[in-house]
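# Structural characterization, general
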Amino acid sequence: MLLNSKQPMVIEEFSVIICIGQEKGVPVMRVADEFAHPLFFREGEVIEIKDEQPFPHMMQHVYFYYDMIEREPFPWDDIGRSIPAVLQLWREEKEQLESCFARRDRRSARAPMIRALSYLLSCLFWLNGKKVTNVRHWQEEIGALPLKPVNGLERLQFIFERCDVYHSFIQLCELFEETGKLAYKQMAINKRMSR
């Protein structure tokens, strides 16, 4: 199909709109209002999707990418594949964060902390067999999840409020550790039930 250079092509996929824009055919994504949160996206923000990368690497460039595009295979349907891959992304961010906090460089730590926080939220939802649907009201969404770390909501609140301080980094490390354990336990249960 040929695109008229004056008319963008708009494809509606659930709550996300993906447009093939006028500028050199570069795809852009308009972020749904449910994903608008001061740490992640502005309301109505439009993001360029320059190079599609294999799972899970798009999460490094666009928060909650796989939750927003809803393209099969869904990561929340195969936690045995998706969560370990995201935990590997976390380990890479963790190395960078350790270096930032060792230098007491809060400014440089902010972006990787926010990225890692988005990884954690995705893992928590996927662990529960759901996609992230609402970051704006994340407290209610996380509170309703049956599988989550002990006092996870309160600990996440601390991180959300002070995402660039060392104590938030420590909390994030612990939450990832606990979420990983919950995920591997759930994978073992799923494997046992599929026999």
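Look up a bit, the structure's there.
If you're wondering where the values come from, they're calculated on a predicted model, not measured in any experiment.

Each helix and strand counted, the chain has 6 helices and 4 strands in total. For the chain, the α and β elements follow one another from N to C terminus as β-β-β-β-α-α-α-α-α-α. Out of the 195 residues belonging to the chain, those deemed buried represent 45%. The long-range share in the chain, meaning contacts at least 24 apart out of those at least 6 apart in sequence, stands at 52%.

Another point: the side chain of Glu93. Take Glu93: it is sitting in helix H2 (residues 79–102). Here the side chain of Glu93 touches Tyr119 through a polar contact of 3.1 Å, side chain to side chain. Once residues lying within four places of it in the same chain are set aside, the contact partners of Glu93 are Pro112, Arg115 and Tyr119.

Direction vectors running N to C along H2 and helix H6 (residues 166–193) enclose 165 degrees, while the axes themselves pass 11 Å from each other. With respect to H6, the element H2 is oriented roughly antiparallel. For the element pair H2 and H6, the recorded crossing hand is left-handed. Contact residues: H2 offers Ile79, Gly80, Ile83, Pro84, Leu87, Trp90, Lys94, Leu97, Glu98 and Phe101, while H6 offers Tyr166, Phe169, Leu172, Cys173, Phe176, Gly180, Ala183, Tyr184, Gln186, Met187 and Asn190. Here the residues of the contact of H2 with H6 are counted per class, giving 15 nonpolar, 4 polar and 2 charged.

So, on to the packing of aromatic side chains. This structure, assessed with the given rule, holds 15 aromatic pairs. Plain terms: the ring middles of Tyr65 and Tyr66 are 5.1 Å apart, the flat faces sit at 90 degrees to each other, and that makes the pair edge-to-face. Accessibility expressed as a relative area gives 2% for Tyr65, which makes it buried. Given a relative accessible area of 9%, Tyr66 falls into the buried group.

Reading the values: rules and limits
- Residues numbered from 1 in each chain as written.
- Predicted model: local features only at pLDDT ≥ 70, side-chain atom pairs only at ≥ 80, totals over all residues.
- Heavy atoms only, no water.
- Helix = DSSP H or I, 4+ residues; strand = E, 2+ residues; numbered from the N terminus.
- Buried < 20%, exposed > 50% of the residue type's maximum accessible area, 1.4 Å probe, protein only.
- Contact = heavy atoms within 4.5 Å.
- Polar contact = N/O pair within 3.5 Å; in protein donor to acceptor, adjacent residues only side chain to side chain.
- Axes fitted to C-alpha atoms, helices over the stretch in contact; angles between N-to-C directions.
- Parallel < 35°, antiparallel > 145°, perpendicular 65-115°, else oblique.
- Left-handed = near helix turned anticlockwise from the far one by under 90°.
- Nonpolar A, V, L, I, M, F, W, Y, C, P; charged D, E, K, R; others polar.
- Phe/Tyr/Trp six-rings, centres within 6.5 Å; stacked < 30°, edge-to-face > 60°.

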